[in-house]
Amino acid sequence: MIRSLSLAATLALIGDPSPLPRFPASPPALPSLTEVGDSARASWQRRDLRAFLAPAGASRVVVILPSAGPSAPVTAEQARAMLLSYVQGTQEVEAILRRAEAVDSAQGYVELNRRYRVIGIPGERESVILLGYRRGRSAWVLTEVRIAS
């Protein structure tokens, strides 16, 4: 007597040769603003302005420097040139991540405290660097760099 097995029982005995359906991978988790801020802090400390501005991607950035009004939105390379000119003649002592907060679901900011020396002048100076971000699909996108003395 031939006994018929259910499909599930047959597959359990011989193994299912068909692959399981593949679903698209979930998007990578967005890094926290604290992680983004710590990366910015480390980049500034090393004077790696290309890495500092990397979160801007292909977007444009507004740069606001002491004693100057806001720039028009500029490319990351233009922002880098502005910041290189600003830090010329100084030496970084320390950069500290002071705060990283989401303002709402689409925007956030990072506050860094910068301690530096002007070359040839004794003593240290401080400034605050505020970074504005908007939430992108897979990363926080840098939109503003504001430095206040």
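Here the structure is a predicted model, which is why all the values come from computation and not from measurement.

Rules used throughout
Residues numbered from 1 in each chain as written. Predicted model: local features only at pLDDT ≥ 70, side-chain atom pairs only at ≥ 80, totals over all residues. Heavy atoms only, no water. Salt bridge = Lys/Arg side-chain N within 4 Å of Asp/Glu carboxyl O. Helix = DSSP H or I, 4+ residues; strand = E, 2+ residues; numbered from the N terminus. Buried < 20%, exposed > 50% of the residue type's maximum accessible area, 1.4 Å probe, protein only. Phe/Tyr/Trp six-rings, centres within 6.5 Å; stacked < 30°, edge-to-face > 60°. Lys NZ or Arg CZ within 6 Å of the ring centre and 35° of its normal. Pairing = 2+ DSSP bridges. Axes fitted to C-alpha atoms, helices over the stretch in contact; angles between N-to-C directions. Contact = heavy atoms within 4.5 Å. pLDDT = per-residue confidence, 0-100. Expected span 1.5 Å × (residues − 1). Arc of directions from axis to C-beta.

Considerations on the pattern of salt bridges
Alright, step 1. Counted by the stated rule, this structure contains eleven salt bridges.
Alright, step 2. With a closest N to O distance of 2.9 Å, Asp-38 and Arg-41 form a salt bridge. Pair noted here: Asp-38 and Arg-41 are both in helix 2 (residues 33-46), with a separation of three residues, about one helical turn.
Alright, step 3. Judged by relative accessible area, Arg-41 falls into the partly exposed class, the value being 22%.
Alright, step 4. In this structure, the salt-bridge partner of Glu-77 is Arg-50, at a minimum N-O distance of 3.2 Å. Separated by 27 residues along the polypeptide, Glu-77 in helix 4 (residues 76-87) and Arg-50 in helix 3 (residues 49-53) bring together distant segments of the chain.

A closer look at the packing of aromatic side chains
Alright, step 1. Scanning the entire structure with this criterion turns up one aromatic pair.
Alright, step 2. It is Arg-114 that lies over the ring of Tyr-116; its NZ or CZ is 3.9 Å from the centre.

Re the sheet that holds strand 3 (residues 107-118)
Alright, step 1. With mixed pairing, the five strands of this open sheet are ordered in space as 1-5-4-3-2. Where the open sheet ends on each side, the last strands, each with one partner, are strand 1 (62-64) and strand 2 (90-102). Pairs of neighbouring strands in the sheet enclose a mean axial angle of 20°, with direction left out of account.
Alright, step 2. Where helix 2 meets the sheet, its contacts fall on strand 2, strand 3, strand 4 (125-135) and strand 5 (140-148), and the angle it forms with strand 2 comes to roughly 170°.

Remarks on the confidence of the model for the protein
Alright, step 1. Model confidence for the protein is summarised by a mean pLDDT of 86, while 81% of its residues fall at 70 or above.
Alright, step 2. Summarising per-element confidence for the protein, the mean pLDDT is lowest in helix 1 (residues 7-14) (50) and highest in strand 3 (97).

Describing helix 4
Alright, step 1. A rise of 1.5 Å per residue sets the reference length of helix 4, with its twelve residues, at 16 Å; its end C-alpha atoms lie 16 Å apart and thus fit the reference within 8%.
Alright, step 2. For helix 4, every residue scored as buried is listed here: Ala-76, Ala-79, Leu-83 and Val-87. When helix 4 is viewed along its axis, its buried side chains cluster within an angular range of 65° and face the same direction.
Alright, step 3. Those residues of helix 4 that are buried are in contact with helix 2, helix 3, strand 1, strand 2, strand 3 and strand 5.
Alright, step 4. Following helix 4 by one or two positions, Gly-89 has its phi on the positive side, about 85°.

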